[in-house]
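Given next are the chains, with one letter for each unit.
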Amino acid sequence: MSFLERILPGKRDEARSLAQRFTAKGPSRAEDMPVRDFAAALRRPLAVIAEVKHRSPSHPHFRQDAAPAQLAAAYQRGGAAALSLVTDREHFGTSLADVTAMRQAVDLPILTKDFIVAESQIQAAWEAGADAVLLIARLLDQDTLTRLLAEVHRLGLHSLVECHDAEDIEKSVQAGARILGINNRNLATLETDLGQTARLIPLVPEGLIKVSESGIQSRAQVLDLAAQGADAFLIGHALLMSRDPGRKVREITGLEATDRPRLKVCGLTRPLDAAAAHQRGADILGLIFAPGPRQVSFDLARKIRQVVPEARLCGVFVDSPLEEVVHISQGAELDLVQLHGQESPAYCRELQREIGLPLIKALTLEDLEQGRAREYGEVAYLLLDLPKGESADDLTMLQSRLRQAAQRLIAEGREVFLAGGLNSDNIHEALAIQPFAVDLSRGVEKAPGIKDTVRLDRVARKVKPCRS
């Protein structure tokens, strides 16, 4: 029995229950939730619809702990044109109850995806604040699909009508579909084949918006599918399986290059410096919440977020209580959390479950040589501080040992940040190791916490083209 066959009886029961509720009192939608234009969003060039869900029956080991609103904000910063929310809590862990928080977090239109068999489910999605709903042509006969699309349009919503073969496409076009999705996943085997889009797109009439769904992993695949005629791309698994979904969506939308190290500018204490670093192409902006000359308050962090709403913000903490990190990361809308103290692997795992954000864990040379990096296997990134402040001979030896350790980690597939005394004069040595990112603070300052735009420019010029 297929997954669809297993869940359909429950969906029919759900639809009947909703219909009874709406018979007593019809659906209503809050006035502060106007319908956002899903179709217009998909007419953007290479429009990505980024998906939110906590679990997936097709990947039993998959688990995404980030709050839906948090993921939504990361996707918007990453250039997504619209959002998709799977609204089947039993099998996917998310539901219509998550729509409100997502709408408050972003201004992107939200497609709710469920297994819809009756008007009452569409009405429930409209009431919850959805801007579009998914209809699966394979589940519905011609008359039912036509009737459901009419209800969608009556409510002022849009619908993505999902097709798996030529018969589905013909049925959907006859029913009046305006946005047609081609699902690259075989419903029987759950395997994906991107060639499905190429085979079926010629059957879609001109004027309809064509969405390729499932199995898309990279920007190169997006570009290839666009060349075949796809207008938009619904991507879920590639984003949600990533340890850093916000970064992954940026790579797919083209906002973040994958052929060079990333640049992190840390120790920012002024909104104008954050804006300057962002404008010069810094991929991550670091805010330090630990005591010291570069410490920022929660309120200042929120002001910086307001000045650079599209930037990726990283909060740096040193042995802070877990509750404090959770509060600040959520309230300051951070994208990453960096732990620069003695935080244990257990602490990192618990924090990851609480906030769902990618973690950067700083390790010492001694940690690396004792093999402790393996204990932090669930951490997204490791940060290594290049030694400084030793005698010339000792410094040379320590830096050599750390570079060797970094190269071993990179060879093992770990993504590494290099930090510690980097500036425009010595950054080429760090770049030669080919880390995931270089992390600068004092090397781009004219005073503690006060950045120097000339030094920022020099560093940015050296980092940006180094792998081109």
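Residues numbered from 1 in each chain as written. Predicted model: local features only at pLDDT ≥ 70, side-chain atom pairs only at ≥ 80, totals over all residues. Heavy atoms only, no water.

## Comments concerning the overall build of the protein chain
A tally of helices and strands in the protein chain yields 20 helices and 18 strands. Scaling as 2.2 N^0.38, a compact globule of 468 residues should have a C-alpha radius of gyration of about 23 Å, and the protein chain matches this with 24 Å. For the protein chain, the C-alpha atoms occupy an extent of roughly 80 × 45 × 40 Å along the three principal directions. Taking all 468 residues of the protein chain together, 57% fall into the buried category. Counting only contacts in the protein chain whose residues sit at least 6 apart along the sequence, the fraction spanning at least 24 positions is 63%. Looking at the protein chain as shown, the accessible area adds up to about 19,900 Å², and 49% of this sits on carbon and sulfur atoms. For the protein chain, the distance from the average position of its 59 positive side-chain charges to the average position of its 63 negative side-chain charges is 3 Å. (Helix = DSSP H or I, 4+ residues; strand = E, 2+ residues; numbered from the N terminus. Rg over C-alpha atoms; globule rule 2.2 N^0.38 Å. Buried < 20%, exposed > 50% of the residue type's maximum accessible area, 1.4 Å probe, protein only. Contact = heavy atoms within 4.5 Å. Areas by Shrake-Rupley, 256 points an atom, 1.4 Å probe, with all protein chains shown as cover. Lys, Arg positive; Asp, Glu negative; His and termini not counted. Charge placed at Lys NZ, Arg CZ, Asp CG, Glu CD.)

## Focus on unusual backbone geometry
Backbone geometry at Asp319 places phi at a positive 50°, although glycine is not the residue there. Secondary-structure assignment places Asp319 in the loop between strand E11 (313-317) and helix H15 (322-331). The phi dihedral of Gln434 is positive, around 60°, even though this residue is not glycine. Looking at Gln434, the relative accessible area reads 48%, which means it is partly exposed.

## Regarding empty space enclosed by the protein
Throughout the structure, instances matching the rule amount to 1 cavity of 30 Å³ or more. Size it by volume and the largest cavity reaches roughly 40 Å³. Arg250, His278, Ala282, Asp283, Ile284, Leu285, Glu310, Ala311 and Arg312 are the residues that line the largest cavity. Across the lining of the largest cavity, the residue classes tally to 4 nonpolar, 1 polar and 4 charged. (1 Å grid on protein atoms, 1.4 Å probe; cavity = no way out; pocket = protein on both sides within 12 Å on 5 of 7 lines; lining within 4 Å. Points joined across faces, edges and corners; volume = space filled by probe spheres on them. Nonpolar A, V, L, I, M, F, W, Y, C, P; charged D, E, K, R; others polar.)

## Some thoughts on the environment of Lys171
Structurally, Lys171 can be placed in helix H8 (residues 166-175). With relative accessibility at 13%, the residue Lys171 sits in the buried group. When the C-alpha atoms of Lys171 and Asp141 are compared, they prove to be 8.2 Å apart, with 30 residues separating the residues in sequence. With near-sequence residues (within four places) excluded, Lys171 lies in contact with Ala137, Leu140, Asp141, Gln142 and Leu145. Of the polar contacts made by the side chain of Lys171, one reaches the backbone oxygen of Leu140; its length is 2.6 Å. (Polar contact = N/O pair within 3.5 Å; in protein donor to acceptor, adjacent residues only side chain to side chain.)

## Focus on the sheet that holds strand E14 (residues 381-385)
Here we have 8 strands rolled up into a closed barrel, ordered E9-E10-E11-E12-E13-E14-E15-E16, and parallel in their pairing. Adjacent strand axes in the sheet meet at a mean angle of 25° when their direction is disregarded. Direction of pairing for strand E10 (residues 284-288) relative to E11: parallel, over a ladder of 4 bridges. Opposite Gly286, over in E11, you have Cys314 as the bridge partner. (Pairing = 2+ DSSP bridges. Axes fitted to C-alpha atoms, helices over the stretch in contact; angles between N-to-C directions.)

## Section: the sheet that holds strand E7 (residues 209-213)
An order of E1-E2-E3-E4-E5-E6-E7-E8 is seen for the 8 strands of this closed barrel, with the pairing classed as parallel. The average angle at which neighbouring strand axes cross in this sheet is 25°, direction not considered. As paired elements, strand E3 (residues 110-113) and strand E4 (residues 132-136) share 2 bridges and run parallel to each other. Residue pairing for E4: Thr112 is matched across the bridge by Val133. Of the strands in this sheet, strand E1 (47-52) and strand E2 (82-86) are in contact with helix H3 (residues 68-77), which crosses E1 at around 160°.

## Points about the pairing of strand E9 (residues 262-265)
Where burial is concerned, the two faces of E9 agree: the one with Arg262 and Lys264 and the one with Leu263 and Val265 are both buried. Where E9 lies against strand E16 (residues 437-440), 4 bridges are found, and the strand directions are parallel. Across the sheet, the residue bridging to Arg262 is Ala437, located in E16. Two elements, E9 and E10, share 2 bridges in a ladder whose sense is parallel.

## A closer look at H3
Among the 10 residues in H3, 8 count as buried, and that is most of the element. Turning to H3, its buried residues are Pro68, Gln70, Leu71, Ala72, Ala73, Ala74, Tyr75 and Arg77. Just past H3, the residue Gly79 takes up positive phi, approximately 95°.

## Describing H15
Residues of H15 that are buried: Leu322, Val325, Val326, Ile328, Ser329 and Gly331. Next to the buried residues of H15 lie helix H14 (298-307), E11, strand E12 (336-339) and helix H16 (345-355). Taken from the residues just after H15, Glu333 is the one with a positive phi, measuring 55°.

## Some points on the packing of helix H6 (residues 119-128) against helix H7 (residues 142-154)
For the pair H6 and H7, interaxial distance at closest approach is 9 Å and the crossing angle is 25°. The angle between H6 and H7 falls in the class roughly parallel. By crossing handedness, the relation of H6 to H7 is classed as right-handed. Touching Glu119, Ile122 and Gln123 of H6 are Arg147, Leu148, Glu151, Val152 and Arg154, all from H7. (Parallel < 35°, antiparallel > 145°, perpendicular 65-115°, else oblique. Left-handed = near helix turned anticlockwise from the far one by under 90°.)

## Structural notes on the environment of Arg219
Mapping Arg219 onto the fold places it in helix H10 (residues 219-227). Take Arg219: its relative accessible area is 27%, and that puts it in the partly exposed class. Each C-alpha atom, one on Arg219 and one on Thr258, is 10.0 Å from the other, the two residues being 39 residues apart in sequence. When sequence neighbours within four positions are dropped, the list of residues in contact with Arg219 reads Leu46, Glu251, Ile252, Thr253 and Gly254. At 3.0 Å, the side chain of Arg219 forms a polar contact with the backbone oxygen of Ile252.

## Here we look at the layout of surface pockets
Over the atoms, a rolled probe matching the size of one water molecule traces out where space is still vacant. Taken as a whole, the largest pocket holds about 620 Å³ of empty space. Together, 33 residues line the largest pocket, and Lys53, Phe92, Lys113, Asn183 and Arg185 are the ones closest to its centre. Of all the secondary structure elements, the ones that give two or more residues to the lining of the largest pocket are helix H1 (3-24), E4, strand E8 (232-235) and helix H11 (237-240). At 3 residues, H1 tops the list of elements feeding residues into the lining of the largest pocket.

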